[in-house]
Every structure is written in structure tokens, then in C-alpha cells.
Amino acid sequence: MNRRLFISELKKEQLDGSDIVGTYNIISSVAMRCALKGPVKPRHCAHYFSIEYLMGRGFYNNLMELGVLHEASSILAEKGIDINAFEEVEDAALGNGGLGRLAACFLDSAAALGLPLYGYGIRYKYGLFKQDFENGFQKELPDDWQRFGDPWSIRKDDESMTISFADMVVTAVPYDMPVFGKRINILRLYQAEDSAEAEKISEYLYPADDTEEGKILRLRQEYFFTAAACRDIVQNFVRLHGTNFKNLGKYNTIQLNDTHPVLAIAELIRIMTAEYAVSFKAALDAVKGTFAYTNHTILPEALECWDMGMIERILPEIAQIISKIDGAARIEREKAGYSAAEIEETAVIRGDKAHMANLAVYASKSVNGVAKLHTEIIERDVFPTEYKYHPEKFSNKTNGVTQRRWLMLCNGELSSLIDKTIGREWRNDFTGIFALKESIGDIAEKFIAVKGRKKKQLFDYIRATEGIDIPDDMILYAQVKRLHEYKRQLMTAFAILEIYNKLKRGELKDFQPSVFLFGAKSAPSYRRAKAIIKFINCIAEKVNADEQTNGLLKVVFVRNYNVSYAEKIVAAADVSLQVSTAGFEASGTGNMKFMMNGAVTCGTLDGANIEIVDYAGEGNNYIFGATAEEIKSLSSGGYSPRKIYDEDEELHAVVDTLIDGTFDDCGTGDFADLYAGLLKGERLDYYFVLYDLNSYVETLLTINEDYKNRVEFAKKQLSNTANSAYFSSDRTIKEYAREIWKI
Ligand SMILES: *Cc1c(COP(=O)(O)O)cnc(C)c1O
């Protein structure tokens, strides 16, 4: 972008420091005006369909990408306005966690690399709820992210589409959000309009789906944006290439970010057959050359299925097409030699349910997992039959994160230290970060100072927002991610209690002062996850108030964890806690953000942790706990959490705090329910919390011990930064572009 133009345009504006919202909108729109002379959609490109985009704050990142962050900051300073004032602008949190953030990192990387990748999704009026705590319990408040305006989007009324359901017709109005880099790509988010009923479709991210009505709304959401996006892609294709749909996949790939957008497969067939008179067979072939599917989870409850009866009622044509695809798949597979059982197992329709992952696997040219272990698991356990007959379809694309937001923007101090040490080339090509390896010993002291500064900034922020005082020199252990039983925040809670008890008994000599920081939202209807939040808040209250130990141990659960909070936390952390039950975390991306910023990983051999340790060295990280294989064999019989509980007094004592009155769940019975999940009823300790607890505590204490040698510890931390190039989403996107999208 033309920097001089930006400066002269911005200087013409009236900027009023007392009107932050007005100023925010002025600067943003000046930047948009100056930048938006970007290239048009090319003949050959890739499309990303995702029901979530966790973009975070656009303001600083966009100004940085446009190369005018510094200029804007100086002009504001001249007028007495601190550029940090815009931190009160809400994040665009149109997503839940890793899956939505991945989509955002991918768009950033594609633009930075000059690759044409166009995102499609929903412009929710309210993003993920804002979280508050009331008496330690999570409370959900609406997230009105457009409160400050939405100056980074352009409404395109003339490109609106009509989307039809059996019982209603709605208008899909696109809002284009440019993604700046070497080229400007577009994230197109559709808003539903025309009636109160229509508007509901784009009102909330994940409406509660525990009722029939909620499920239907969710189905409408999935169809709404994929139908609009498919029509957009077809119109563009026809304009550029005519109606020879044989070539559709040659010029276009549609990458499905998990199964939520899978209805697009049927919709694209519908458009070709109904609107362009293509035969079903030809349309199916065109589709099979166009779609690519990314699997994100192996949790069986997360593999999406839809009641065929429901689809028939809301989207009768789509139901018919799904049935036809199911029929075609059965015939094709019978010819290919699948056994009857194999045909049933891989079927698109099983019983009266449409199986979205099976539909995606059948109709896509590519299926990928998101980390090495995860891809092995989907090949072996989730889609074994399809892998047996079509191994060539499957591949791994280990996730990544954008170093522009997750290092350069969030950690200017470390970035300048890197500049001073190896020059600035790593900023253009992140593989250059590897050169840092040679200088780790020389800059360890400076790195310690940088970490100290980032910690101080974070702790000041926490003091101001949470009212909790953390001494600047504490070791920062951080576990920030969605709250889920498999991520095992409960195991960290128990580990903290064990350490606390040991401190009380005077067993830990020379313990380095430590703070455990949590950040997580729980799904509003997920009882156990919410109980864990309350439990940790109880622990925090008790531990922080204990004058015997609170100079040594603190616990903080920050409110409303989101991308902007994550930017502060990953830069400051010493230790990244990645302790999911092995085999359950597909990849994780939080782990990569911490690694880039020089935190050691304390984790299990799960998801991308395995690759992080491969690159950065086991000696520079702290691995513990059962492996995926061990978990698998324990699961198939013989695991007795009761035995561990009975035989280990210390463990017994911390687990009993759930039921012995140490902590008060205000009569909800939530803590007893957590206890039951571990020791009573069915699926006892399904996530192996008690199994891994002791080795976890030991590992945390080893880290605490190692930290005493500050310089040696800093070298381990720096080794993580120096070896983090592989975990850049630039690398991931290059793989998708070369191997799947062919762009
Ligand atoms: C990166 C990120 C995540 C994903 O974290 P994991 O530890 O990989 O689950 C979730 N939420 C936010 C706000 C993030 O920035």
C-alpha cells in the first residue's frame, strides 16, 4: 500500500482523542481506502469454507500488514492519543477456539505468500459469548463485537444471493473483509436478512442445539453460507471458463474446514444439475475433483450426523441428492470390491442418518489430518476402509500459526532481539529463524530480560483487569485453551493442590515462586467443563489467600480468554501446559504460539506436541504421561482409577477435595459429579486424569528445579523459538497450495 498516501490522508482527518470509537473508525477506513486497489479474483484459486473465523482484533494487525502501524502511531501521538487506546475495541470472535483460529491464520499466510485463497463463512451478529465469573461460576454475556462499528468490512449489496429453504427464503448479504499481505485476499462473510426468522440464521455462533428447533437452526446455518458460497464460486467459474464443469476442479478447490460445511457437496451438485442441466453423474464427478476435506477431531460425539427426515423437511432437494450420492457410492464401491460390511461402514447414509464425514471422505479428492499422529489415527481408526482402498487420497498437513500475529505483533521485544542477533530476513522468510540457534548462548541474558518485560506487562494487565496481584518474578505456567475434559485442566488443578499441600507440609525446599494461569471458556451447556472452572476458581481463592504460601504459589483464572488475551499470555509464559490425554488432541495450535515465543512445553505425546519435541529436542521440553498406544490398550480393559485412588494417599486427598467440603459448589452438586466421573458409574476416569497425575506433578517440579539455573533454562526456551519455523502456517499453506490446491 502507498504509505505516503496513508500518511497524508490521515493527517487531513480530524482526530479527537476523547472519541476513541470515532478515531478508530476514521483510521481504519483511511487504511481501507488507501489499500483497496487490490487484484481481482484470479482464474485459478482455492476457497476455504469454515463455520468459524477467530480473527481477533483487526486494527493493529492490519496496520502492521499494511506497513503503516508505526506511521499511525506517530500521527496519533502528535495529537496526544495513545495507539493502545484501541485495545478496548472488541475482538472479532466469530469462532470458538483452535479450528476458527486456524482458519484465520491460514488466510493471513495465504495473503502474505501471495496465494489466492478466499474464505467463506457467516457474519454472526454475536460471536462467542463474553465470559464473566459470578461467584466463581462462568457467566455468559452476549458479545456485541460490532459495537465499535465494523470498518474493516465492506457490505456488497449488489452481490446478495437468495437462499431457499422449504419453508422460507432468505437473502444472503456478503460482507467482504480484506486480508492484507503480498496480495489482498477476501474473507466473505454472509449475513442473513429479510425477516426476523431469517436474521436468526446469522445471529449466534452455535445456537444451543439441545432442542429440535436449535438443531434445525444449525442446519440452516450450515446450508445458508455454503449455498451462497457455492453459487458465488459457480458464477465466477461460468464467467471465466463457461459451463464446461469438467474443469471446475482444475481451477477451483474448496477446502472444507471440518464437516460443518459438507452440505456444500450436495448443493454444488444441485446447482449444476438444476440450473445448468448437467447430468447427476457428471456433476458428481466435477464435485469429486473440487472438494478437499480436513478432519479436526476423532471424538466420536463430534462426528456430525444429520437426521435424514430433518433434512427432507428443511431442504428436500438436498436430501434427494444425498440419497443419490449414497446410492452411487454403494454401487461404485461394490464394483471396486468393498465387502458388504465395508460398504455399510463407509456409507453416506447409515440407518436414517446422513453421516457428514463419510460424505466428505467419499466426495473429496483429498482427506487430511492436522498433525502426524492425528493423520495416523484417522487412517487407522477413523476411516480405515477408505484408507485401505484409496490411500492416495490421504495426507498429513500439520497445522501452523502465523508468526506475524503470534510473534512479530505480540512480542515486539523478542522480535527486535532476533533482528539484532540475525538480521531482519526472518521477517520475510520464517525459515531464517533457524539461524538464531548459533547465538542462543550469547543472547540468553537478553532473552531473560525480554521475558521479564513481557511478564510484567501481562501481570500489570491482570492486576488492572482481574484485580489479582502477581509478583513479577514468578515462573509463569500457562494453560489457556477451550475448556474440555480431554484437555485435562482438572489434572492441572489436582497437580496444583498436590504442590500446595507439599508446600504446606514444608516438603519443597527452595521452590521457585510460581503462578499457574488458566484461560478458557466452556460451552454453555457442558456441565463438567463448567464445574472445572468453578473448582479452579475455588482453588485460586484458597491458595491466593494463604499467607503461608502465597509468596510462592498463585493461581489465576483470567476472564474472557480470547485472541487478544492470548497474544499477551503466549509472549509472557515460561511454561506451556499441553497435557491432553494422548490421542485426543488432533494438533493443538496454542502449543505452537508458546513455542515461538520461547516457552518450554510441559506436555504429553499428543497432537503436534510430538513434532514440537522432534524439532526443538526432548531435552528442551518436558514430556510425561501415557502415550496414545498405552491409552488405547488401557481403554480396552483393565484400567482401574479406583486402585490408584486407594493406593496413593496424596492423590486420594486432592481428589477428595471435590467431596469433603474443602470447596463449596453452592449446592449444585457439580463437584460430586466431577468426582463421579472419575470414580463412580460408567466410563470411569475416561480421560486418564488419575493415571497421569503423579508423573505430571513430578514433571512440574523438575521444571521448577531446572528454572533455578536461569541461563540454562533460557537456552532451552530459546531453542524452542529457534526451531519453530516448521510451525509457521506459511509452511502449512505452502503444502496445501502445492499438494492439494495446485495453485
Ligand atoms: C490458539 C487459540 C486457541 C487454540 O488453542 P489450543 O491450545 O490449540 O486448543 C484457542 N483459543 C484462542 C483464543 C487461541 O488464540
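Preceding this paragraph is the structure being described.
First, a word on scope: everything that follows refers to the structure included in this document. (Residues numbered from 1 in each chain as written. Predicted model: local features only at pLDDT ≥ 70, side-chain atom pairs only at ≥ 80, totals over all residues. Heavy atoms only, no water.)

Moving on, we get to the site of the ligand. In the vicinity of the ligand there are 14 residues, among which K481, K487, T589, G590 and K593 approach most closely. In this structure, G590 approaches the ligand through a main-chain N or O atom, which is 2.9 Å from an oxygen atom. Between the ligand and K593 there is a distance of 2.6 Å, counted from an oxygen atom to a side-chain nitrogen or oxygen. Protein contacts shield 96% of the accessible area of the ligand, which totals 390 Å² for the unbound molecule. Within the residue set of the shell around the ligand, elements represented by two or more residues are α22 (563-572) and α23 (590-596). Of the residues belonging to the shell around the ligand, the class tally is five nonpolar, six polar and three charged. (Near = heavy atom within 4 Å. Polar contact = N/O pair within 3.5 Å; in protein donor to acceptor, adjacent residues only side chain to side chain. Areas by Shrake-Rupley, 256 points an atom, 1.4 Å probe, with all protein chains shown as cover. Helix = DSSP H or I, 4+ residues; strand = E, 2+ residues; numbered from the N terminus. Nonpolar A, V, L, I, M, F, W, Y, C, P; charged D, E, K, R; others polar.)

In this fold, G121 is placed in strand β4 (residues 117-122). The exposure class of G121 is buried, given its relative accessible area of 0%. Taking the C-alpha atoms as reference, G121 lies 9.2 Å from P261; in sequence the two are 140 residues apart. Once residues lying within four places of it in the same chain are set aside, the contact partners of G121 are S50, Y53, R188, L189, Y190 and F225. (Buried < 20%, exposed > 50% of the residue type's maximum accessible area, 1.4 Å probe, protein only. Contact = heavy atoms within 4.5 Å.)

A separate point is the sheet that holds strand β20 (residues 553-558). Strand order across the open sheet formed by six strands is β20-β19-β18-β21-β22-β23, with parallel pairing between neighbours. Each of the sheet's edge strands pairs with one partner strand only, and the pair in question is β20 and β23 (622-623). The sheet contact formed by strand β19 (residues 514-519) and β20 spans six bridges and is parallel. Residue pairing across strands places F516 opposite V555, the latter belonging to β20. (Pairing = 2+ DSSP bridges.)

Another point: the pairing of strand β8 (residues 161-165). Each regular strand displays side chains that alternate between the two surfaces of the sheet. Of the two faces of β8, the one lined by M161, I163 and F165 is fully buried and the one lined by T162 and S164 carries no buried residue. Pairing geometry for β8 and strand β9 (residues 168-179), over five bridges, is antiparallel. Bridge pairing links S164 to V169 in β9. Two successive antiparallel strands, β8 and β9, enclose a turn made up of two residues.

It is worth spelling out the packing of helix α18 (residues 412-422) against helix α19 (residues 440-466) at this point. Viewed as axis vectors pointing N to C, α18 and α19 meet at an angle of 165°, and their least axial separation amounts to 9 Å. Our classification of the angle between α18 and α19 gives roughly antiparallel. For the crossing formed where α18 meets α19, the hand is right-handed. On the side of α18, the interface is formed by E413, L414, L417 and T421, while α19 contributes I443, K446, F447, V450, R453, K454 and Q457. (Axes fitted to C-alpha atoms, helices over the stretch in contact; angles between N-to-C directions. Parallel < 35°, antiparallel > 145°, perpendicular 65-115°, else oblique. Left-handed = near helix turned anticlockwise from the far one by under 90°.)

Where helix α21 (residues 527-545) contacts helix α28 (residues 670-679), the two axes come as close as 9 Å, and the packing angle between them is 110°. Looking at the two axes, α21 sits roughly perpendicular to α28. Crossing of α21 over α28 shows left-handed handedness. Counted together, R527, R528, A531, I532, K534, F535 and C538 of α21 and D670, F671, D673, L674 and G677 of α28 form the full contact between these two elements.

Take the sheet that holds strand β14 (residues 349-350) next. The three strands are arranged β13-β15-β14 in an open sheet whose pairing can be described as antiparallel. What marks the edges here is a single partner per strand, and that holds for β13 (305-307) and β14.

As a volume, the second largest pocket reaches approximately 1600 Å³. Residue lining of the second largest pocket: 41 residues in total, with M64, L69, M408, L409 and C410 positioned closest to the centre. Taken together, the elements giving at least two residues each to the lining of the second largest pocket come down to α3 (58-65), α4 (69-78), α5 (98-113), α17 (403-409), α18, α19 and α22. A class-by-class count of the residues in the lining of the second largest pocket yields 13 nonpolar, 12 polar and 16 charged. (1 Å grid on protein atoms, 1.4 Å probe; cavity = no way out; pocket = protein on both sides within 12 Å on 5 of 7 lines; lining within 4 Å. Points joined across faces, edges and corners; volume = space filled by probe spheres on them.)

Enumeration according to the criterion identifies three cavities of 30 Å³ or more in this entry. Its boundaries defined by the atoms lining it, the largest cavity holds a volume of some 350 Å³. If you trace the largest cavity, you find 27 residues lining it, with M55, G56, G58, N62 and M177 closest to the centre. Looking at the lining of the largest cavity, the elements with two or more residues in it are β2 (53-56), α3, α5 and β9. Looking at the lining of the largest cavity, the element that brings in the most residues is α3, giving five residues. Tallied by class, the residues present in the lining of the largest cavity amount to 13 nonpolar, six polar and eight charged. Its boundaries defined by the atoms lining it, the second largest cavity holds a volume of some 60 Å³. As for the second largest cavity, its lining consists of K481, K487, Q578, V579, S580, E585, S587, G588, N591 and N609. Here the residues of the lining of the second largest cavity are counted per class, giving one nonpolar, six polar and three charged.

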